[in-house]
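Chains, contacts and geometry: an overview
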Amino acid sequence: MAQLVGPLRKELADSLSSCRVLVVGAGGIGCELLKNLVLAGFKNIEVIDLDTIDVSNLNRQFLFQKKHVGKSKAQVAKESVLRFCPSANITAYHDSIMKYELFTARNHVNRMCLAADIPLIESGTAGYLGQVTVIKKGQTECYECQPKPTQKTFPGCTIRNTPSEPIHCIVWAKYLFNQLFGEEDADQEVSPDTADPEAAWNPADAAARATASDQDGDIKRVSTKEWARSTGYDPVKLFNKLFKDDIMYLLTMDKLWKKRKAPLPLDWMEIQQIESSQEEACGTGLKDQHVLGVQGYAQLFRRSVETLRSQLIEKGEGAELVWDKDDPPAMDFVTAAANLRMNVFSMNMKSRFDVKSMAGNIIPAIATTNAVIAGLIVLEALKILNSDFDQCRTIFLNKQPNPRKKLLVPCALDHPNPNCYVCTSKPEVTVKLNVHKTIVQALQDKILKEKFGMVAPDVQIEDGKGTILISSEEGETEANNNKFLSDFGIRNGSRLQVDDFLQDYTLLVNVIHSEELEKDVEFEVVGDAPDKAPAPSAPEEEKNIANGNKDSAQPSTSSKAAEDDDVLIVDSDEEPSSSTMEASPESSNRKRKHCDADTDDAASKRKRLDQQPADDDDEDVIALD
């Protein structure tokens, strides 16, 4: 093979052999990346992944073979790489990058890198699309500088009463699985929603107007799991309740069907009388891509219920099952239940393949995309280690060439967002809530942990007394959990000082009291970060106390001496959710439009005035893929 590029200069080659690299994730990008790293000359690599190898990984994660199925991805990846580069020093961890699975690992790594002042190379793929970007404290946007699109959700009344798209039926089927076999969740109810504001009907007439069977409590409004247990998980009784009795109950809600096509109940006995000629699977090719008829899905429903019932019995009293798209009986159940509901609501039914894609939020993973992105990650790492940070770029991989006939679109890195509540020198947010209805537990779990991504927050009220509202030390403030914020004197204009020791992160929360929040809305974050941050102002002369560093308002120069450099890389090409995938079409449109005008030459002309090259004696890098 012809040598396309010359050897690295000695100083850079030495940096590669001495620096330490942490690869977070050993999946599609991770496998390509580990190979690239050792072949480029990186010697000291640590890789962490909690996942195990599945058969579905083998089409693109080339470090794994069929004999490895069920084994640790990190460990097998290490062993495979050492076969063609035995001189590499690789440490594998079959573990999670974060102890508390409370929010996306990307956010967590972002905050850890800010706290440690280590540059981060973040990347991702979604089908044919890909992205690589560099994050450096004080010089670029951090991962959380711009709001990410949230996971799409649907109103409960739509899922339970008036589904209009296949995804509504698939979500309902997943909820049904949990209600019958898994952990019950009040927010995942599947029975008709009698509180639907659109439904104008008379509950008193419901029993008389619904002609559903009254045997075995078929129409009683009891817990779905409780009722199913009372029938011994009888598939026929379950079928008739879900697709006949409940549907007839829905038909009594007259107003729902004034402008919609009314649902058509299914009866088990009637379906069994359908001639088999009418039930031939539609389509040819792979079995998973066939679309069955109503009778076929009814039989699939029966078989999957019987299998899941047996699994529950084997696990013992009080056991619960966890839905997994790769578990055949669970997938069969969701496929059958979703398609039967689609038929009830006059929708075209879907193949098992299509249902699995939607139920698992799967974006097809393509090996070529992963390979391109992994190569770009290494190129950006080389720039950082060579003290060429001003040459680093955000690079998008497009599905089709842009107007300049380029698939790879490099863009100048964005400045930090001064309104970011993570990387700004003094993070501060304003939250609107009802202090008389919000309890301390909700503040901790739903606002601080879920919304703001904290792990173990400590909260002090700025009331002149230093009242501790929440302590991360177990048992210290548990008595406060079910008390309202107003019980502690928190009112409109109150300020809460929040510290997360595990993330070296501090946040000031301003409270706005409101009694006019929309229905089912517990709180609102006021003044989220703008779509585009304004140009940064001149650095302040005074030293600000910042998350992870007393000089975080200033660009990092890392001039201290150190023997080793550090690098981190994270992999997530599989099943990215809309809330974590920057490379998805929706989430990258904003930056793509900006970058198409700044490709290559144009981007290189936009060098930042405030960027300073770091000393190559102590350059740390973290790469997320």
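It should be emphasised that the depicted structure is a prediction, and the values quoted were computed from it without experimental measurement.

1. Things to note about the packing of aromatic side chains
Taken as a whole, this structure holds twelve aromatic pairs when the rule is applied. Judged by centre distance (5.2 Å) and plane angle (75°), the ring pair of phenylalanine 239 and tryptophan 268 falls under edge-to-face. Here tryptophan 268 lies in helix 10 (residues 268–272) and phenylalanine 239 lies in helix 9 (residues 235–251), a separation of 29 residues in the sequence. Accessibility assignment for this pair places phenylalanine 239 and tryptophan 268 in one class, buried. Among the aromatic residues, ring-to-ring pairing joins Trp172, Phe177, Phe181, Tyr233, Phe239, Phe243, Trp268, Phe301 and Phe333 into one connected group. Above the face of the phenylalanine 389 ring, lysine 136 is positioned so that its terminal group lies 5.8 Å from the ring centre.

2. Thoughts on the nonpolar core
Counting 55 residues, the largest nonpolar core has Trp172, Phe181, Phe239, Phe243, Phe301 and Phe333 as the members making the most contacts within it. Residue assignment for this core shows that the elements contributing at least two residues are helix 6 (166–181), helix 8 (224–230), helix 9, helix 10, helix 11 (294–315), helix 12 (328–344) and helix 13 (352–359). Apart from the residues lying within four places of it in its own chain, the contact partners of phenylalanine 333 are Ala173, Leu176, Phe177, Leu180, Phe181, Phe301, Ser304, Val305 and Leu308. If you look at the next biggest cluster of nonpolar residues, it comprises 43 residues, including Cys85, Ile90, Val134 and Ile377.

3. Quick notes on the side chain of aspartate 49
As for its position among the elements, aspartate 49 is in the loop between strand 2 (44–48) and helix 3 (73–84). For the buried residue aspartate 49, which engages in no salt bridge, the nearest side chain bearing the opposite charge is lysine 73, 5.2 Å off. In this structure the side chain of aspartate 49 is engaged in a polar contact, spanning 2.7 Å, whose partner is the backbone nitrogen of alanine 26. When sequence neighbours within four positions are dropped, the list of residues in contact with aspartate 49 reads Gly25, Ala26, Gly27, Lys73, Ala74, Tyr93, His94 and Asp95.

4. Some points on the sheet that holds strand 13 (residues 523–526)
Overall, mixed pairing links the six strands, which are arranged 10-9-11-12-8-13 in an open sheet. Sheet topology places strand 10 (467–470) and strand 13 at the edges, where each strand pairs with a single neighbour. When strand polarity is set aside, the average angle formed by the axes of neighbouring strands in this sheet is 30°. Summarising the sheet, strand 8 (residues 428–433) and strand 13 pair through four bridges and their orientation is antiparallel. Considered in strand 13, the bridge of threonine 430 is made with valine 526. Across the sheet, helix 15 (residues 440–451) is in contact with strand 8, strand 9 (457–461), strand 10, strand 11 (495–500), strand 12 (505–513) and strand 13; its angle to strand 10 comes to roughly 70°.

5. A look at helix 13
Burial in helix 13 covers these residues: Arg352, Val355 and Ala359. Buried residues of helix 13, seen end-on, are gathered within an arc of 65° and therefore sit on one face of the element. Against the buried residues of helix 13 lie helix 6 and helix 12. Of the residues flanking the end of helix 13, it is asparagine 361, one or two places downstream, whose phi is positive at about 50°.

6. Observations concerning the pattern of salt bridges
One pass over the structure, following the stated rule, counts 16 salt bridges. Close ionic contact of aspartate 332 with arginine 352 constitutes a salt bridge, the shortest N to O distance being 2.9 Å. Here the residue aspartate 332 occupies a position in helix 12, and arginine 352 occupies one in helix 13, the gap between them amounting to 20 residues. Judged by its relative accessible area of 18%, arginine 352 falls in the buried class. Two residues, lysine 446 and glutamate 522, come together in a salt bridge whose shortest N-O distance is 2.6 Å.

7. Thoughts on the UniProt feature "binding site: Zn(2+)" (unreviewed entry) in the protein
The feature "binding site: Zn(2+)" (unreviewed entry), as annotated in UniProt, sits at Cys142, Cys145, Cys420 and Cys423 in this numbering. Across 282 residues in sequence, these annotated residues keep their C-alpha atoms within 8.5 Å of one another, forming a single compact spot. By the element assignment, cysteine 142 lies in the loop between strand 5 (129–135) and helix 5 (156–160). A relative accessible area of 5% means that cysteine 142 is categorised as buried. With respect to the helices and strands, cysteine 145 occurs in the loop between strand 5 and helix 5.

8. Here's the deal with the pairing of strand 9
Going residue by residue along strand 9, you find Pro457, Val459 and Ile461 tucked away on one face and Asp458 and Gln460 left uncovered on the opposite face. Across five bridges, strand 9 lies against strand 11 in antiparallel orientation. Bridging across to strand 11, isoleucine 461 finds its partner in leucine 496. Where strand 9 and strand 10 come together, three bridges link them in antiparallel fashion. Bridge pairing links glutamine 460 to isoleucine 468 in strand 10.

9. Section: unusual backbone geometry
Its identity is not glycine, yet serine 346 carries a phi of approximately 60°, on the positive side. Among the secondary structure elements, serine 346 is positioned in the loop between helix 12 and helix 13. With phi around 60°, serine 387 is a residue other than glycine that occupies positive phi space.

10. Brief notes about the environment of proline 328
Mapped onto the fold, proline 328 is located in helix 12. For the pair proline 328 and serine 304, spaced 24 residues apart in sequence, the C-alpha to C-alpha distance is 8.7 Å.

11. Looking at the packing of helix 11 against helix 12
With their axes 8 Å apart at the nearest point, helix 11 and helix 12 run at an angle of 140° to one another. You can see that helix 11 and helix 12 cross each other, and the crossing is left-handed. Facing Val294, Tyr297, Ala298, Leu300, Phe301, Ser304, Val305, Thr307, Leu308 and Gln311 of helix 11, the residues of helix 12 in contact are Pro329, Ala330, Asp332, Phe333, Thr335, Ala336, Ala337, Asn339, Leu340 and Asn343. Here the contact of helix 11 with helix 12 is composed, by residue class, of 13 nonpolar, six polar and one charged.

12. Concerning the packing of helix 12 against helix 13
Two elements in contact, helix 12 and helix 13, have axes whose closest approach is 10 Å; the angle formed by their N-to-C orientations is 100°. Taken together, the axes of helix 12 and helix 13 lie roughly perpendicular to each other. In contact with Pro328, Met331, Asp332, Val334, Thr335 and Asn339 of helix 12, helix 13 contributes Arg352, Val355 and Lys356. Among the residues making up the contact of helix 12 with helix 13, the classes are represented as four nonpolar, two polar and three charged.

Criteria and cut-off values
- Residues numbered from 1 in each chain as written.
- Predicted model: local features only at pLDDT ≥ 70, side-chain atom pairs only at ≥ 80, totals over all residues.
- Heavy atoms only, no water.
- Phe/Tyr/Trp six-rings, centres within 6.5 Å; stacked < 30°, edge-to-face > 60°.
- Helix = DSSP H or I, 4+ residues; strand = E, 2+ residues; numbered from the N terminus.
- Buried < 20%, exposed > 50% of the residue type's maximum accessible area, 1.4 Å probe, protein only.
- Lys NZ or Arg CZ within 6 Å of the ring centre and 35° of its normal.
- Core = buried A, V, L, I, M, F, W, Y, C linked by side-chain atoms within 4.5 Å.
- Contact = heavy atoms within 4.5 Å.
- Lys, Arg positive; Asp, Glu negative; His and termini not counted.
- Salt bridge = Lys/Arg side-chain N within 4 Å of Asp/Glu carboxyl O.
- Polar contact = N/O pair within 3.5 Å; in protein donor to acceptor, adjacent residues only side chain to side chain.
- Pairing = 2+ DSSP bridges.
- Axes fitted to C-alpha atoms, helices over the stretch in contact; angles between N-to-C directions.
- Arc of directions from axis to C-beta.
- UniProt positions renumbered as here; feature names shortened; annotations may be inferred.
- Left-handed = near helix turned anticlockwise from the far one by under 90°.
- Nonpolar A, V, L, I, M, F, W, Y, C, P; charged D, E, K, R; others polar.
- Parallel < 35°, antiparallel > 145°, perpendicular 65-115°, else oblique.

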